[in-house]
2 protein chains.
Amino acid sequence: MDEFALIKQYFASVGHRRGVDIGVGDDAAVISARSAESWVVATDTLVAGVHFPESEPADAIGYRAVAVNVSDLAAMAAQPRYCTLALTVPNGDPAWFELFIQGFTEAAEAGDLALIGGDTTRGPMSISITVIGSGDPAMLTRRSDAAVGDELLVSGCLGDAAAGLTLLLGDGSPSVHAERLVQRFRRPPNRVALAAAVAALTGAAIDVSDGLVADAGHIAAASQLAIDIDANRIPLSADLLAVYERDAALSLALTGGDDYELLVTAPSAAVGALQNAGFTSIGRCLAGSGVTVNGKALVGADGYKHFGHATG
Amino acid sequence: MDEFALIKQYFASVGHRRGVDIGVGDDAAVISARSAESWVVATDTLVAGVHFPESEPADAIGYRAVAVNVSDLAAMAAQPRYCTLALTVPNGDPAWFELFIQGFTEAAEAGDLALIGGDTTRGPMSISITVIGSGDPAMLTRRSDAAVGDELLVSGCLGDAAAGLTLLLGDGSPSVHAERLVQRFRRPPNRVALAAAVAALTGAAIDVSDGLVADAGHIAAASQLAIDIDANRIPLSADLLAVYERDAALSLALTGGDDYELLVTAPSAAVGALQNAGFTSIGRCLAGSGVTVNGKALVGADGYKHFGHATG
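Novice: When you look at the packing of aromatic side chains in this model, what are you seeing that I'm missing?
Specialist: A ring pair, where both rings are aromatic, is described by two values, the distance of the centres and the angle of the planes. All names here are of chain A. What the rule picks out here adds up to eight aromatic pairs over all chains. Members of the aromatic cluster, joined through ring pairs, are W96, F97, F100 and F104. Between R187 and the ring centre of Y63, over which it is positioned, the NZ or CZ distance is 4.2 Å.

Take a look at the structure:
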């Protein structure tokens, strides 16, 4: 049996679900259109050695590949529905693949995402996933919907994932705090339900993937305004502060990526409700352009730099 | 300016079109659902050194990446509408990218496909495209719809693309015939209109990507029947026969891949109309299982083998 046959078998066995007329196994999948909703589509590729260390366990790779795509749908306040998986691997090692699919499936089930199409290819490892979600077009949250006077708020804590990646790459002595930070990199949070719950309250929304300053910059550019971040209000986890000095932790929170928390803007009247939902107010939208931290521009803080460059 | 900035600029400048509420540039694209139709989704990845030689011109890579995905929609008799492009390249060489996008755009326009999302990543070169089409669910052509007694028909000629790839990899002296075969590899045909025109006449349908015997085998397996191919009736082009002896040409037609012609089954009553539309009858569906050629099983004819293995 061809070493890729196992992978094909897996794809063929993926169950159908409501709305999927034809799943994996034909030339294309067919899904039923719903009249009142719009479809929301996003695609993200993770390349070994660029977006994650090649040494990562396969289940962590599979989980993360799904979760970062689900995060794009959460950032639009859309409901995840379907995904396709284009998997490129150097060989068809069944043990690797089974572990990969375990993580993939766990994240897909957590994200309520049905796999409807797959393509497996031999080559340098990369995972490209396209997610299709649905949502009421009037409730989808765009980057361009911030207004001058809005506050900037973020869910959860920032900096943990970038710290976890740093710890993964280094040889720091393991601790329970370090292990939790590594898990924050490997298992991005699912903010779909939170995004849906607050969509009516928020202006612009984005997920923090490139880093706080960079992603706030995306909102500022799309909404044609300026954003000032109050560094002292950025939520930092106890785990992060147990491993890093406050200045280093803050730097990770400002410019590290991979947190996949929601970054939103909202008028003052909605801030109380957002705080009750778990958001922290960390800044404000102003007339102008660009992003400042405590009123000053950060030098060289243009966001997440991939930690390695493949030389394909 | 970051070398990838040009690529991002391109994606940001992609025009909107009817049905696209949010295109490239937000966390996800938003497309309007249509009530009466189903969505048809397919994904295909092309890896340099596996699916095409690394030395291929960038416009040929871009064109082919789109065309093979459009072909999956044609095989379902669906109308192409939207696509996402996940592009992984070793560096952001503007000249390469401009040429790539030229080929990509040409094929997308020929396929009536709007680019709604893109992700560009540094890494070993690969192109993963997800296409979304639409169609009347009752008219979509599945692999499983062949019936015993149906004839097997194919559009166009077979073997040209596999010959073109062989010529690309070799150092054979160039001729006008060889050049046309190479173009058949680089520019897969668009069979969308043809597929739509004959969808009411056909049973099963698939596109010839793995090779005639292998793809007939997919129909046979999905439809739970046997298929016998009459080798003498397989259409071979004058260009192919100018470069290869008949036996070699036939072997390429039977087991070479990449033709992206339509392979369909149809009851005898529909064969005349299909022949008028450009199809050639090349076999028949029988009770049983598997694929035979002139009544005999081909040994080792399990279809397209990628010409190279990347060692990522």
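Novice: What am I meant to see in the pattern of salt bridges here?
Specialist: Opposite charge on two side chains allows them to pair when their charged atoms are near. Going through the model one piece at a time under the given rule, you end up with 22 salt bridges over all chains. Each of A:D160, A:R184, A:R191, A:D259 and A:E261 takes part in salt bridges that share partners, so that together they form one network.

Novice: How should I be thinking about the side chain of B:S223 in this particular structure?
Specialist: Residues and elements named next belong to chain B. Here S223 lies in helix α7 (residues 212–223). On the accessibility criterion, S223 (13% relative accessible area) is buried. Within the structure, the side chain of S223 is placed 3.1 Å from the backbone nitrogen of A146, a separation counted as a polar contact.

Novice: Can you help me understand the relation of the copies chain A and chain B in this one?
Specialist: To go from the first copy of the chain to the second, apply a rotation about an axis and then a shift along the same axis. Once chain A has been moved 0.0 Å along the axis and rotated by 180 degrees, it coincides with chain B to within an RMSD of 0.0 Å. Both copies of the chain, as the preceding transformation shows, are related through a two-fold rotation axis. Interface overlap between copies is the fraction of interface residues in one copy that are interface residues in the other; for chain A against chain B it reaches 100%, indicating a shared surface.

Novice: Would you mind showing me how to read the interface of chain A and chain B here?
Specialist: A common way to report how large an interface is uses the accessible area buried once the components associate. Between chain A and chain B, the contact holds 55 residues from the first and 55 residues from the second. Across the interface of chain A and chain B, roughly 4,300 Å² is buried in total on both sides, 58% from carbon and sulfur atoms. When the area that chain A buries against chain B is broken down by residue, the three leading residues are A:D27, A:V41 and A:R122, summing to 15%. For the interface between chain A and chain B, the tally reads zero salt bridges. The interface formed by chain A and chain B contains three residue pairs in polar contact (both at pLDDT 80 or more). Mapped by element, the contributors of at least two residues to the side of chain A that touches chain B are β1 (20–22), β2 (29–32), β3 (38–47), α2 (58–75), β4 (79–89), β5 (114–122), β6 (126–135) and β8 (205–207) of chain A.

Novice: Could you clarify how one ought to interpret the sheet that holds strand β7 (residues 151–155) of chain B in this entry?
Specialist: The strands making up a sheet are joined through hydrogen bonds of the backbone, oriented either antiparallel or parallel. Residues and elements named next belong to chain B. Reading across the sheet, the six strands line up as β8-β10-β7-β11-β9-β12 and stay open at both edges, with mixed pairing between neighbours. On the outer flanks of this sheet lie β8 (205–207) and β12 (290–293), each paired with one strand and no other. Each strand of the sheet is rotated relative to its neighbour by a mean of 25 degrees, with strand direction disregarded. Pairing geometry for β7 and strand β10 (residues 262–266), over four bridges, is antiparallel. When the bridges of β10 are listed, L152 appears paired with T265.

Novice: What is the right way to read unusual backbone geometry from this model?
Specialist: Among all residues save glycine, negative phi is the norm, and among peptide bonds the norm is trans. At B:Y260, a position not held by glycine, the phi torsion is positive, near 55 degrees. One can find B:Y260 in the loop between α9 (246–255) and β10.

Novice: Is there a simple way to explain the packing of helix α4 (residues 160–169) of chain B against helix α5 (residues 176–186) of chain B in this structure?
Specialist: Each pair of packed helices can be summarised by the angle the axes make with each other and by the distance between the axes. All names here are of chain B. Two elements in contact, α4 and α5, have axes whose closest approach is 7 Å; the angle formed by their N-to-C orientations is 110 degrees. By the angle between their directions, the pair α4 and α5 is classed as roughly perpendicular. Residues D160, A161, A163, G164, L165, L167 and L168 of α4 pack against A178, L181, V182, R184, F185 and R186 of α5. Within the contact of α4 with α5, the residues separate by chemical class into nine nonpolar, one polar and three charged.

Novice: Is there a simple way to explain the sheet that holds strand β11 (residues 279–286) of chain A in this structure?
Specialist: All names here are of chain A. What the six strands build is an open sheet, ordered β8-β10-β7-β11-β9-β12; its pairing is mixed. Both outer strands of the open sheet, β8 and β12 (290–293), are each paired with one neighbouring strand and no more. Strand-to-strand twist across the sheet, computed as the mean angle between neighbouring axes with direction ignored, equals 25 degrees. Relative to β11, strand β7 (residues 151–155) runs antiparallel, the two sharing five bridges. Residue pairing for β11: L152 is matched across the bridge by G283.

Novice: Looking at this structure, how should I read helix α10 (residues 268–276) of chain B?
Specialist: Given 3.6 residues to a turn, an α-helix orients residues that are three or four positions apart in the same direction. All names here are of chain B. Residues of α10 that are buried: A270, V271 and L274. With its buried residues spanning 120 degrees around the axis, α10 presents them on a single face. Set apart from the buried face of α10 by more than 90 degrees, the exposed residues are A269 and N276. The inward-facing, buried residues of α10 abut β7, α6 (192–198), β10 and β11 (279–286). G278 lies just past α10 and shows a positive phi near 110 degrees.

Reading guide: rules and limits
Residues numbered from 1 in each chain as written. Chains lettered and ligands numbered in written order. Predicted model: local features only at pLDDT ≥ 70, side-chain atom pairs only at ≥ 80, totals over all residues. Heavy atoms only, no water. Phe/Tyr/Trp six-rings, centres within 6.5 Å; stacked < 30°, edge-to-face > 60°. Lys NZ or Arg CZ within 6 Å of the ring centre and 35° of its normal. Salt bridge = Lys/Arg side-chain N within 4 Å of Asp/Glu carboxyl O. Helix = DSSP H or I, 4+ residues; strand = E, 2+ residues; numbered from the N terminus. Buried < 20%, exposed > 50% of the residue type's maximum accessible area, 1.4 Å probe, protein only. Polar contact = N/O pair within 3.5 Å; in protein donor to acceptor, adjacent residues only side chain to side chain. Least-squares fit on C-alpha atoms with pLDDT ≥ 70 in both. Contact = heavy atoms within 4.5 Å. Buried area = accessible area lost by both parts, 1.4 Å probe. Pairing = 2+ DSSP bridges. Axes fitted to C-alpha atoms, helices over the stretch in contact; angles between N-to-C directions. Parallel < 35°, antiparallel > 145°, perpendicular 65-115°, else oblique. Nonpolar A, V, L, I, M, F, W, Y, C, P; charged D, E, K, R; others polar. Arc of directions from axis to C-beta.

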